[in-house]
Amino acid sequence: MSDMLTAAFLSALISGGILAGMPLLFASLGETISERGGVLNIGLEGMMLMGGYTGFVVTLYSQSHWLGLLAGAGAGLITALLMVVFCVRLGLDQIVVGIAILIAAGGFTSVLQRAQFGTTYPRLDAMSAVEIPLFAKIPVIGPSLFAQPAIVYVGFALVAVLHWVLRSTNMGLNLRAAGEKPEALDAAGVSVTAVRSIAALSAGAFAGLGGAYMSIVGAGIFVPFMTHGAGFIGIVIAMLGRGRALWVVIGSLLFGMSVSLTTALQLVGITVPIDVVNMLPFVAVLVVLVIFARQAYLPAALGLPYKRGIR
Amino acid sequence: MGERISKTGPIWAFVALIVLGLGLLAVGCGDGETTTTAAPDTTTTAAPDTTTTTAAAPEKEVTKIGVVVPEEGSDYGWNQEGVESAQALADELGVGIEVADGAGYEDPGPVLRQLVDNGADFLFAHASGYATQAMQVAEETKVPVVVIGAFEGGLVPGLSQDLETHAEEGSYLAGYLAAKMTKTKTLGIVISADDENWTKMAGGFVAGARSAMPDAKVIMAQIGQAGYADAAGGKRVTEAVIAGGADVVYGMGDGSSFGMIQAAETAKPPAGADKVWFIDVIGDKTSLDKKGVYLTSVWWDYLPLFKQAVQAYKDGTFGTEVFYMSVANDSIKLIKTDHIPDEVWAELEKIKADIISGAVEVPVLTDKAAVEALIKQ
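Residues numbered from 1 in each chain as written. Chains lettered and ligands numbered in written order. Predicted model: local features only at pLDDT ≥ 70, side-chain atom pairs only at ≥ 80, totals over all residues. Heavy atoms only, no water.

## A closer look at the overall build of chain B
The following threshold applies: Here a strand is any run of E in DSSP of at least two residues, a helix any run of H or I of at least four, and the numbering for each starts at the N terminus. Areas reported here follow the Shrake-Rupley algorithm with a probe of radius 1.4 Å; residue values treat only the protein chains shown as occluding.
Along its length, chain B carries eleven helices and 14 strands. Here chain B displays about 13,200 Å² of accessible surface, and carbon together with sulfur accounts for 53% of that area.

Here is the structure:
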């Protein structure tokens, strides 16, 4: 076992945890914004798939990873327009619409992929890593944490930005009001519909970015249904995060590292049944859920449509 | 703002249900295409071509073949092999063919009935999850069907013929080749799921590698419980295997295989190696190999067995005994790429002959624990 625990191996496992955690981070940040605004976005996984497919196609043809990531975010945002129209504007059931988006996006991207790349399966070059001077030289954690594609650093920067926006700006205040007491926000002269629309669109953009990360950076290819439940995990992490961006980071990386740990346990020859090993990430999330659920703060108007004068 | 609310119970119950559902999905789901019923751990010599002549019957004719596969017939894997083999069979017989690909993993019954309505008089239900429904359709319509993964349960004389594989024999050759190509003396195995076919092939690979290099170190990792399409997971796990020292990776995954290849192309080779080789299964992706990492594939060519099934139908022995894909009937083989040195290929040909003759015995391990025990030896 000990001969496996080289610096390169440990570094690869940490990198693997980040690779698995970043799509969850983007998706759960988006869900956090959406939930803060009172919109429960069950279609997050569908938006990830749309972002993943679009990001892959744009990167393939433009040979620009950044353009692809941007396009992925755009595709998620456009998909989220459905949430805006049906849930925010028309007040339809958010769970039903979210599930519809999930199913439709899965089928849509699958058909497109098979029609366009079903015989060629093109792959992308790896996105080049950006080394942080000095830090990248630290053994084990240097190559894994400080020599990542720039989008990883952007992701962590977005956490800080979102944390600031939610806590210290009028926009954040309006967002929280839309999720807690939309009638109060309405009475203050701010359009609840507009705030919730922005929240839903932001969630779509973040989810699309997460999907694009998965296809462009994570795999270098798009295959149908490749998100593999990441959207739902993102929803859970957002709820665990209680609307706080920093908790969302912890939850995402916890899950990612747990996933990577399952690989490590197998490779070092730990004699634990594989079923148990593969349950580890889910158990980790469940344990955290049990510990923190009783202290959960969820917006009072989460999932409820708002129409002036009705409530 | 931010007040503690008391109505979180239903939402948290919903969250818990999602997590539990995902967990159960991960534990319980399998790919119907590749799940097979258990077979005992045994050791095989040359897998026999098991046609038996039981009773003489008037020769029957095939005029149109119908084939149904769960996904697109252009996946460079299971589905493509099924479709192309059926197409080649139809061409050889000079009969028509109708392909229904992308039929999914649920009930293929309506699709099979439609094929029969359209004139198909010989069916291939090309997924192990299809066997039960396909046999029902055969009973209803009296049109013979070839099923996969049901073993003796898939045999109904004159109506249903089961096909199985001894892919471990091809994997033995792949393992031998991997041991000849490695510079780090460490070989990696990546599987997408706890799948019996993958297990058998992993066992054959380890045995083949150890036959060429007794001290070869083998490390194995599984992506998930049903990570067939998890390309990102395939890349992540393969990168870890490479970081663990493997410079030859044997990958079994369906869609996740593309992530594995990506890792072989982009990961930094382990110390002592200048590149990472990838060995594939079932299909032939050599045309997709842009960076010269695709060493070979353990190719499953269904055509010999499809032909055998049609012949059995004509002879009246259809559905009387399970047919096995093997190196002996040339349905399991390694793809020769330019990366394989000629002298190594010559050695592989000799080992192949030894497998067929019985001089080399390939273990058939259907239990992953048995493979792990073999790796630790």
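Alright, that's what it looks like, and here's the rest.
## Observations concerning the overall build of chain A
Heads up, the condition is: Our radius of gyration looks at C-alpha atoms and nothing else; its globule reference is 2.2 Å times the residue count to the power 0.38. The buried label applies to any residue whose accessible area, calculated with a 1.4 Å probe on protein chains only, is under 20% of its type's maximum; exposed applies above 50%, and partly exposed to all values in between.
Counting its regular elements, chain A contains twelve helices and two strands. In chain A, the succession of α and β elements from N to C terminus is α-α-α-α-β-α-β-α-α-α-α-α-α-α. Relative to a compact globule of 311 residues, whose C-alpha radius of gyration would be 19 Å, chain A shows 20 Å and is just as compact. For chain A, the C-alpha atoms occupy an extent of roughly 70 × 45 × 40 Å along the three principal directions. When the 311 residues of chain A are sorted by exposure, 58% land in the buried category.

## Observations concerning the pairing of strand 3 (residues 96-100) of chain B
Residues and elements named next belong to chain B. Which entries qualify depends on this criterion: Pairing between strands is defined by DSSP: at least two bridges between them are needed. Looking down the strands as they point away from you, a crossover is right-handed if its path from the first strand over the helix to the second goes clockwise.
Of the strand pairs in this sheet, strand 2 (residues 64-68) and strand 3 are connected by five bridges, and their pairing is parallel. By the bridge assignment for strand 3, Lys 64 is matched with Gly 96. Note that the unit made of strand 2, helix 2 (residues 78-93) and strand 3 has a crossover that is right-handed.

## Overview of the packing of aromatic side chains
Any two aromatic rings considered together are summarised by their centre-to-centre distance and by the angle between their planes. Condition: Here a Phe, Tyr or Trp ring, Trp counted by its six-membered ring, pairs with any other such ring whose centre lies within 6.5 Å, and the pair is stacked when the planes are under 30 degrees apart, edge-to-face when over 60, and tilted otherwise. Should the NZ of a Lys or the CZ of an Arg lie within 6 Å of a ring centre and within 35 degrees of the ring normal, that charge is described as sitting over the ring.
All chains considered together, the criterion is met by 16 aromatic pairs over all chains. Seen from their ring centres, Tyr 121 of chain A and Phe 258 of chain B are 4.4 Å apart, and the 10 degrees between their planes marks the pair as stacked. Note that Tyr 121 of chain A is positioned in the loop between helix 4 (94-117) and strand 1 (129-131) and Phe 258 of chain B in helix 8 (residues 256-266), a pairing that runs across two chains. The residues Tyr 121 of chain A and Phe 258 of chain B share a single accessibility class, namely buried. Here the basic side chain of Arg 242 of chain A rests over the ring of Trp 247 of chain A, its NZ or CZ set 5.2 Å away from the ring centre. Directly above the ring of Trp 277 of chain B sits Lys 275 of chain B, whose terminal nitrogen or CZ lies 4.0 Å from the centroid.

## What to know about the nonpolar core
The following threshold applies: What we call a nonpolar core is a set of buried Ala, Val, Leu, Ile, Met, Phe, Trp, Tyr and Cys residues that are connected through their side-chain atoms within 4.5 Å. We call two residues in contact when some of their heavy atoms are within 4.5 Å.
One finds Leu 29, Met 83, Ile 151 and Tyr 213 of chain A to be the most contacted residues of the largest nonpolar core, which totals 85 residues. With 14 residues, the single largest contributor to this core is helix 9 (residues 192-219) of chain A. In contact with Tyr 213 of chain A, other than residues within four places in its own chain, are Ile 18, Leu 19, Met 22, Pro 23, Phe 26, Leu 69, Ile 151, Val 152 and Gly 218 of chain A. Of all hydrophobic cores here, the second largest spans 77 residues; its members include Ala 174, Ala 193, Phe 323 and Leu 374 of chain B.

## Considering the sheet that holds strand 8 (residues 217-222) of chain B
All names here are of chain B. The following threshold applies: The convention used is that axes are lines fitted to C-alpha atoms, helices contributing only their stretch in contact, and that angles between N-to-C directions extend from 0 to 180 degrees.
Taken together, six strands build an open sheet; the order of strands is 8-7-9-10-11-13 and the sheet is mixed. Looking at which strands have only one partner, the edges of the open sheet turn out to be strand 8 and strand 13 (332-334). The mean angle between the axes of side-by-side strands here comes to 15 degrees, regardless of whether they run parallel or antiparallel. Relative to strand 13, strand 11 (residues 294-300) runs antiparallel, the two being bridged by three bridges. The residue bridging Trp 300 from the neighbouring strand is Ile 332, located in strand 13.

## Overview of the sheet that holds strand 2 of chain B
Residue and element names in this part refer to chain B. Pairing within the open sheet is parallel, and its six strands lie in the order 3-2-4-5-6-12. Only two strands of the sheet have a single neighbouring strand rather than two, namely strand 3 and strand 12 (323-325). Averaged over all neighbouring strand pairs, the angle between strand axes comes to 20 degrees, with direction disregarded.

## Here's the deal with the packing of helix 6 (residues 150-168) of chain A against helix 9 of chain A
Residue and element names in this part refer to chain A. This is how the line gets drawn: Note on angle classes: values under 35 degrees are labelled roughly parallel, values over 145 roughly antiparallel, values of 65 to 115 roughly perpendicular, and the remainder oblique. For any pair of crossing helices, the crossing counts as left-handed if the nearer helix is rotated counterclockwise from the farther one by less than a right angle, and right-handed if it is rotated clockwise. Amino acids outside the nonpolar list (Ala, Val, Leu, Ile, Met, Phe, Trp, Tyr, Cys, Pro) and the charged list (Asp, Glu, Lys, Arg) are all regarded as polar, and Gly is one of them.
For the pair helix 6 and helix 9, interaxial distance at closest approach is 12 Å and the crossing angle is 160 degrees. By the angle between their axes, helix 6 is roughly antiparallel relative to helix 9. The handedness of the crossing between helix 6 and helix 9 comes out as left-handed. Across from Ile 151, Val 152 and Leu 158 in helix 6, the residues of helix 9 making contact are Phe 206, Leu 209, Tyr 213 and Val 217. Across the contact of helix 6 with helix 9, the residue classes break down as seven nonpolar, no polar and no charged.

## Quick word on the pattern of salt bridges
Residue and element names in this part refer to chain B. Test applied: The term salt bridge refers to a pairing of a side-chain nitrogen on Lys or Arg with a carboxyl oxygen on Asp or Glu at a separation within 4 Å.
Summed over the entire model, instances satisfying the criterion amount to 18 salt bridges over all chains. Linking Lys 307 and Glu 92 is a salt bridge whose minimum nitrogen-to-oxygen distance equals 3.1 Å. With Lys 307 in helix 9 (residues 303-315) and Glu 92 in helix 2, this residue pair connects regions lying 215 residues apart in the sequence. With a relative accessible area of 34%, Lys 307 lands in the partly exposed category. For Glu 139, the salt bridge is made with Lys 142, and the minimal N-O distance between the two is 3.8 Å. The class for Glu 139 is partly exposed, based on a relative accessible area of 38%.

## A closer look at the pairing of strand 7 (residues 186-191) of chain B
All names here are of chain B. Extensive coverage of strand 7 is indicated by the burial of six of its six residues. For strand 7 and strand 8, the ladder comprises six bridges, and the chain directions are parallel. Residue pairing in the sheet places Ile 189 in a bridge with Met 220 of strand 8. Remark: the strand 7/helix 6 (residues 196-212)/strand 8 crossover connection has right-handed handedness. The sheet contact formed by strand 7 and strand 9 (residues 248-252) spans five bridges and is parallel. Residue pairing for strand 9: Leu 187 is matched across the bridge by Val 248.

## Quick word on unusual backbone geometry
All names here are of chain A. A positive phi angle is found at Phe 225, which is not glycine, with a value near 60 degrees. Position of Phe 225 relative to the elements: it lies in the loop between helix 9 and helix 10 (230-240). Phe 225 sits in the partly exposed class, given a relative accessible area of 44%. Even without being glycine, His 228 reaches a positive phi, approximately 55 degrees. Inspection of the secondary structure puts His 228 in the loop between helix 9 and helix 10. On the accessibility criterion, His 228 (42% relative accessible area) is partly exposed.

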